[in-house]
Amino acid sequence: MIFGHILAKETEAAYAAPVREAIRWCRETDVSQMGESRFLIKGEDMIALICDRMTGPAEEKLPEVHRRYAELQYMAEGSEVMGFYPDRGDSQILEDCLEEKDTLYYRENPKAEEKLLLMTPGTYAVFFPEDVHRPFCQTGAPGRVKKIVIKIALDTL
C-alpha cells in the first residue's frame, strides 16, 4: 500500500510508470462538476471511476480486495476514514464478485489489526491485491465525498 499527497511530486519518482500516470491524471482532472462516471484512460489497462457518494458507519462498509487491478483512490472533495490491513489469508469471503467487478468482499476479521487512514482532499492511497481496504467510512458523521478511483492492470506494473 502507498499513501501520499498529490502535491508531493518528489516521492513519485520511485513509483512504477502506470502509478505515476494515474497520479498525474488525478492532478490534472477537475471532477468538481462531474457525477458518477467511468473513463478508459488506457483501455482496460487503466480505468478511472469518479465516485460521488455518502460515507457511513464503518460497521456498514465491507472490507474488500482486488485481484486483477491495483487501485489508486484519490480524495478530491470531502473526508473519509478508510480501513486497511494486509491480507494474511485468514479472512473469510462474504461475497465473490471477481468475475463482474474484480472484487472480493470479506467478513469482519477481528484478528486483522485494521489501521485507519484519514483521507482528506489531496491524499491518495494505492492498494495492491494483498491490501484489504474498507472505503467510504465516515469521519464522525456521514458526509459527501468525491474521489477518483483509478484501476491499474497488474500486468502493466
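This structure is a prediction, so every number in the text was calculated from the model and none was measured.

What counts and what doesn't
- Residues numbered from 1 in each chain as written.
- Predicted model: local features only at pLDDT ≥ 70, side-chain atom pairs only at ≥ 80, totals over all residues.
- Heavy atoms only, no water.
- Helix = DSSP H or I, 4+ residues; strand = E, 2+ residues; numbered from the N terminus.
- Expected span 1.5 Å × (residues − 1).
- Buried < 20%, exposed > 50% of the residue type's maximum accessible area, 1.4 Å probe, protein only.
- Arc of directions from axis to C-beta.
- Contact = heavy atoms within 4.5 Å.
- Disulfide = S-S within 2.5 Å.
- 1 Å grid on protein atoms, 1.4 Å probe; cavity = no way out; pocket = protein on both sides within 12 Å on 5 of 7 lines; lining within 4 Å.
- Points joined across faces, edges and corners; volume = space filled by probe spheres on them.
- Nonpolar A, V, L, I, M, F, W, Y, C, P; charged D, E, K, R; others polar.
- Core = buried A, V, L, I, M, F, W, Y, C linked by side-chain atoms within 4.5 Å.

## Considering helix α1 (residues 17-28)
Spanning 12 residues, α1 covers 16 Å between terminal C-alpha atoms, matching the ideal 16 Å at 1.5 Å per step. Restricting attention to buried positions, one finds in α1 the residues P18, V19, A22, I23, W25 and C26. The arc that holds the buried residues of α1, viewed along the axis, is 155 degrees, so those residues lie on one side. Contacts from the buried residues of α1 go to β2 (37-40), β3 (46-54), β5 (69-77), β10 (123-127) and β12 (144-153).

## Digging into the state of the cysteines
Evaluated as defined, the whole model comprises 0 disulfides. Free cysteine C26: the closest other cysteine sulfur is in C51, separated by 11 Å. C51 supplies the cysteine sulfur nearest to C97, a cysteine that is in no disulfide, at a spacing of 16 Å.

## Notes on unusual backbone geometry
For D102, which is not glycine, the phi dihedral falls at a positive 55 degrees. Along the chain, the position of D102 falls in the loop between α2 (98-101) and β8 (103-106). Despite not being glycine, E113 has its phi angle at roughly 55 degrees, a positive value. Of note, E113 is situated in the loop between β8 and β9 (115-119).

## Describing the layout of surface pockets
Of the volumes computed, that of the largest pocket is approximately 550 Å³. Taken together, 28 residues form the lining of the largest pocket, with L49, E71, K101, T103 and K151 sitting closest to its centre. Put simply, the parts of the chain that give the lining of the largest pocket at least two residues each are β2, β3, β5, α2, β8, β11 (131-137) and β12. When residues of the lining of the largest pocket are assigned to their parent elements, the largest contribution, 6 residues, is made by β3. Tallied by class, residues from the lining of the largest pocket come to 11 nonpolar, 4 polar and 13 charged.

## Here's the deal with the nonpolar core
Grouped together as the largest cluster of nonpolar side chains are 21 residues, with contacts concentrated most on L72, Y124, I148 and I150. Those elements that provide at least two residues to this core are α1, β3, β5, β10 and β12. With 5 residues, the single largest contributor to this core is α1. Those residues in contact with I148 that sit more than four places away from it in its chain are W25, C26, T29, V31, L49, I50, L72, Q73 and Y74. Core analysis: the next-biggest nonpolar cluster, separate from the first, contains 11 residues, C51, F84, L117 and M119 among them.

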